[in-house]
Amino acid sequence: MMNLNSNKRLIWQLSLNAVMLFLSIVVFALHHARFTPSSFGFLYFLVVLCYAGLVVALLTDLITSATRQVYGEIVHKEGRTIHISRTDGKLKKYRVMVPEVLQKLEKGQFVTMSLSKLAQIPRSIRIVESPSEYENLLEAR
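How each quantity is defined
Residues numbered from 1 in each chain as written. Predicted model: local features only at pLDDT ≥ 70, side-chain atom pairs only at ≥ 80, totals over all residues. Heavy atoms only, no water. 1 Å grid on protein atoms, 1.4 Å probe; cavity = no way out; pocket = protein on both sides within 12 Å on 5 of 7 lines; lining within 4 Å. Points joined across faces, edges and corners; volume = space filled by probe spheres on them. Helix = DSSP H or I, 4+ residues; strand = E, 2+ residues; numbered from the N terminus. Nonpolar A, V, L, I, M, F, W, Y, C, P; charged D, E, K, R; others polar. Expected span 1.5 Å × (residues − 1). Buried < 20%, exposed > 50% of the residue type's maximum accessible area, 1.4 Å probe, protein only. Axes fitted to C-alpha atoms, helices over the stretch in contact; angles between N-to-C directions. Parallel < 35°, antiparallel > 145°, perpendicular 65-115°, else oblique. Left-handed = near helix turned anticlockwise from the far one by under 90°.

S.K.: Can you explain the layout of surface pockets? Please cite residues and give values.
M.R.: What the largest pocket holds in volume is close to 230 Å³. A per-element tally of the lining of the largest pocket places helix α1 (residues 6-34) first, with four residues. Across the lining of the largest pocket, the residue classes break down as seven nonpolar, two polar and three charged.

Printed below as a string of structure tokens:
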């Protein structure tokens, strides 16, 4: 099992979204104080709601350890992104920010990836040695 330092990434995204939430609240307050409510004020309000939702989701992922498991085969590696063909037939992209882990991953490997529940940020990845072990994981699911 290889850890992907997801807490570091969650804290980084949480801080960026918190700053954007603060700025959008300031812009909304300035617009609302200067003008009567208008369509731009409504758009600013929607932006505030979106950033508040993102902050809550990231904070929830950071506090809880709820994860979701993804099983699949690595189809393609491109920079820091790996493309995994999941068991349901969908091809999904996941960004791996740890260079040591990225070097160990190769095309054609079967992997089990643990993702944070709400933000879908990779927490850990495990290389499954044989397709039979991969099928056993699917049956256990």
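Next comes the rest of the account.
S.K.: Run through helix α2 (residues 39-63), naming residues and quoting values.
M.R.: Spanning 25 residues, α2 covers 36 Å between terminal C-alpha atoms, matching the ideal 36 Å at 1.5 Å per step. Buried within α2 are the following residues: G41, V48, V55, L58 and D61.

S.K.: Any chance you could break down α1 for me, citing the residues and the numbers?
M.R.: Compared with the 42 Å implied by 1.5 Å per residue over 29 residues, the 42 Å span of α1 between its first and last C-alpha is a close match. All of the buried residues along α1 are S6, L10, L14, N17, L21, S24 and H31.

S.K.: Give a detailed account of the packing of α1 against α2, specifying residues and quantitative values.
M.R.: Pairs of packed helices are described in terms of their axes, by the angle between the two and the distance that separates them. At a minimum axis separation of 8 Å, α1 and α2 run at an interaxial angle of 155 degrees. Classed by the angle they form, the pair α1 and α2 counts as roughly antiparallel. The two elements α1 and α2 cross, and the hand of that crossing is left-handed. Grouping the constituent residues of the contact of α1 with α2 by class yields 21 nonpolar, six polar and one charged.

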